[in-house]
Amino acid sequence: MSARPLAGLLLLASGCHLFVGHTSSDGALPGPSDRSLDLRPTLEASAPRDGLPSSERRVDGPRPDAPLDLVGMDKGPKPDLGPNPDLGPNPDLTKDAKGKEAGLDLDGLKDGGPGGALQPVCDSLGWCWDHPLPQGNTLHGVWGTAASNLYAVGDGRSILRWNGASWSRMATAKSAQVFYAVHGVGTKVFAGGTNGTLVELGSNAWIDSDPSKLAGSNTIRAIWGSSAANVYAVGGGGTILRYGGSSWIKVPHGLTTQSFLAVWGSSASDVYVGGEGPTLLHWNGSAWESIDIGGLAVPINAIGGTGPTDVYVGTTLGIHKVASKTIGSALQSFSVNAIFPQGSSLVAVGGLGKMSVKSGASWGSVTSIASAQSRDLHAGWASGSDRVMVGYAGAIVRHNGTSYLNVYQARRTEVIRGAWRSSSGELYVVGGQSQGFLLKRDANGVWSEIGGFGGVQPLHGIWGKSSGLYLVGDKGTAIFYNGSSPANLNIQTTVDLRGVWCPDNSAQVYFVGKGGLAKKLDGTIWSTLDLGGITADLHAVWGRDAATIYIAGDSTAAFLYNGSQAQVIPAVGATASLRGVWADSSGNAYFVGSGGTILRWPGSGDAVPVTSGTAQTLNAVTGDPATGTIHAVGNLGAYATGTGGAWSIPTSFGGHLYAVATDGKVTFVLGADGAVLRR
């Protein structure tokens, strides 16, 4: 069965998102930036072994970007640029929502401490973090024996160790998709996470600490102990487990089935457990009892104190004291995620990088930690004058008693939706949640944010050529960036756009979006592609040349457009939301989508399924024209590569991946929380 003209085609619409990044044959696109972070390795090392970052790779701190160089830019006619009706007349694209030039100012931060050299964290499969640094998985817990020996846990099955010089991933015999807690006491160190996972630090790796899986499928959310023979792990479904020195037992209490989020005690006979409901239980040495929650109506996220008469809980409302078996009103108001000791003081940290410190009898005023860059902090640990806090998108904050140290670098931690790579090695990425952004990674590995996009809708797709970049996003956002400033294309629609592509040697540019939108800009003339009345959301467009253009969308929508007419690519028996498309030089087109779908269409007949090795939605696909090797990425860090066999290879990222770019030697995968990994 060959591809057929569009006749009487009816496809149903469904929900969606995305675009994909590829490598172009165009030259580099220069562009300005306010400040850049030099994230380049000094040496290109081979793939690291055993999940440890290579000692031959390091990252230098911030430095000024090179001046704008427009040499080689196409000086030919530019497209007719009109106002975008959704951004209003002549919007100020040079400012962010607060009137400031977009970008991250890291001036004033000093290098040193955990992450000091900002070496990228790498895994055993050769994936190394490129942005943020040292890594970008959200961290939920941190604990250590000294400032030179720390453990941090989080998304992406992450258990990390700081050895005083760099962070590295640690091997674990039993993995959790997310680790939420890490704590040690005496000679024991434990970590816990999803699916009832409890592991214990062995001589060189983490071993299974609870083979019986007493928590079942309930998530372990917090761990605390008074000694190596008295450790508590708490979590979902009212789970309380206790380690007595050799094994775990399940502790019956019969008081609640609400999920616990925190545990702390001043001694073995004075232990508090709190969580959803809200619920707060107390172990008095002989029995569990319920604590009066007063008027509290939000979960208890954290518990901490200096002794049996000085106990506090943290909630989204603030810090509350527990006295006379009752929770009081908030003493300081901010969203609290963790309370931890520092000497005789207590430190509370939480949302948007906020912090309060209790020294003496009262809590200090709430402050915002500048080096947290307004990212949520989830946990903290302190010893002497050193204080280390971790959180969203891999954020690490360290104060050495005198100043904050530059231990974490990120340009953006919003979602990256699209990427395009020039033949000279520059990588451009777009994304955003409340508004769009454009980042550039130059051929030397230096990341910078290109200004002028304040107030722009979230961006989903990007494609480039020597004359500039085409960007698309929500509410009909279509922008052309010529290397010096962005300008709106008058696409005359308010439909969310999801993909854009243009051939190298033509004035034509193709756009696709929700509701079956497919448009072509030819110089200054807009036209609508005839796709047979399709109303399904379209997510991606990509072509090999001006006469071979592929379009992918919901309801297994797959098309070949020859520059004047579209044909349906049949996929008999397949049902999927197709999110990305790429074709090799032999004419094989690959469509990827929901349920781990990969369809290969050889240019005639039906598109046939290829085993991807994953059930996760695949959001983008690209390939190496020289070898035909395919690279696809998707939800929960899914990555599939190959030439037609079983492809699945996981990444060490716990979030969704939405874009992929390769030059055949180095592959970049990009996605949620500003994540960029390279291999």
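Scroll up a little and you will see the structure.
I will try to describe carefully the structure that is included in this document.

How each quantity is defined
Residues numbered from 1 in each chain as written. Predicted model: local features only at pLDDT ≥ 70, side-chain atom pairs only at ≥ 80, totals over all residues. Heavy atoms only, no water. Helix = DSSP H or I, 4+ residues; strand = E, 2+ residues; numbered from the N terminus. Buried < 20%, exposed > 50% of the residue type's maximum accessible area, 1.4 Å probe, protein only. Core = buried A, V, L, I, M, F, W, Y, C linked by side-chain atoms within 4.5 Å. Contact = heavy atoms within 4.5 Å. Disulfide = S-S within 2.5 Å. 1 Å grid on protein atoms, 1.4 Å probe; cavity = no way out; pocket = protein on both sides within 12 Å on 5 of 7 lines; lining within 4 Å. Points joined across faces, edges and corners; volume = space filled by probe spheres on them. Nonpolar A, V, L, I, M, F, W, Y, C, P; charged D, E, K, R; others polar. Phe/Tyr/Trp six-rings, centres within 6.5 Å; stacked < 30°, edge-to-face > 60°. Pairing = 2+ DSSP bridges. Axes fitted to C-alpha atoms, helices over the stretch in contact; angles between N-to-C directions.

## Focus: the environment of S467
Within the fold, S467 resides in the loop between β40 (459–465) and β41 (468–473). Owing to a relative accessible area of 9%, S467 belongs among the buried residues under this scheme. Put simply, S467 and D504 are 37 residues apart on the chain and 9.9 Å apart in space, counted from C-alpha to C-alpha.

## So, the nonpolar core
L438, F511, Y550 and F591 are the most contacted members of the largest nonpolar core, which totals 71 residues. In terms of residue count, strand β50 (residues 557–561) provides more of this core than any other element does, 5 residues in total. If we ignore the near neighbours within four places in the chain, the residues touching F511 are Y470, V472, A478, L489, I491, G499, V500, L517, A518, K519, L521 and W526. By size, the runner-up hydrophobic cluster in this structure holds 46 residues, among which are V153, W167, A191 and Y639.

## Comments concerning the state of the cysteines
Scanning the model with the defined rule gives 1 disulfide in all. Residue C122 pairs covalently with C128 via a disulfide, S to S 2.0 Å. Between C122 and C128, the S-S dihedral sits near 105°, and the bridge is therefore right-handed. Note on C122: relative accessible area 1%, which makes it buried.

## Quick word on the layout of surface pockets
A water-sized probe rolled over the atoms picks out the places where empty space is left. Taken as a whole, the second largest pocket holds about 810 Å³ of empty space. Lining the second largest pocket are 35 residues, and of these A338, I339, H378, A379 and G380 sit closest to its centre. Only β7 (139–146), β11 (179–185), β15 (220–227), β19 (260–267), β23 (302–307), β27 (336–342) and β32 (377–383) provide two or more residues apiece to the lining of the second largest pocket. When the residues that make up the lining of the second largest pocket are grouped by side-chain class, the tally is 22 nonpolar, 12 polar and 1 charged.

## Here we look at the environment of T548
Position of T548 among the secondary structure elements: in strand β49 (residues 548–553). Judged by its relative accessible area of 13%, T548 falls in the buried class. With 12 residues separating them in the primary sequence, T548 and L560 have C-alpha atoms 6.8 Å apart. When sequence neighbours within four positions are dropped, the list of residues in contact with T548 reads W542, G543, L560 and Y561.

## Observations regarding the packing of aromatic side chains
Here the structure, examined in full by the defined rule, presents 18 aromatic pairs. Ring geometry for W283 versus W288: centroids 5.5 Å apart, planes at 45°, classification tilted. Each member of the pair W283 and W288 is classed as buried. Measuring from ring centre to ring centre gives 6.4 Å for Y550 and F591, while their planes differ by 80°; the resulting arrangement is edge-to-face. Of this pair, Y550 sits in strand β49 while F591 sits in strand β53 (residues 589–593), and the two are 41 residues apart along the sequence. Here F591 falls in the buried class, since its relative accessible area comes to 0%.

## So, the sheet that holds strand β6 (residues 128–131)
Backbone-to-backbone hydrogen bonds join strands into a sheet, with any given pair of strands oriented parallel or antiparallel. Spatial ordering of the open sheet is given by β6-β61-β60-β59, a layout of 4 strands whose pairing is antiparallel. The sheet terminates laterally at β6 and β59 (657–662), the two strands that pair on one side only. Averaged over all adjacent pairs, the angle separating strand axes in this sheet is 25°, with direction ignored. Where β6 and strand β61 (residues 676–678) come together, 3 bridges link them in antiparallel fashion. When the sheet's bridge partners are listed, C128 is paired in β61 with R678.

Purely geometric stuff here, so don't read any function into it on its own.
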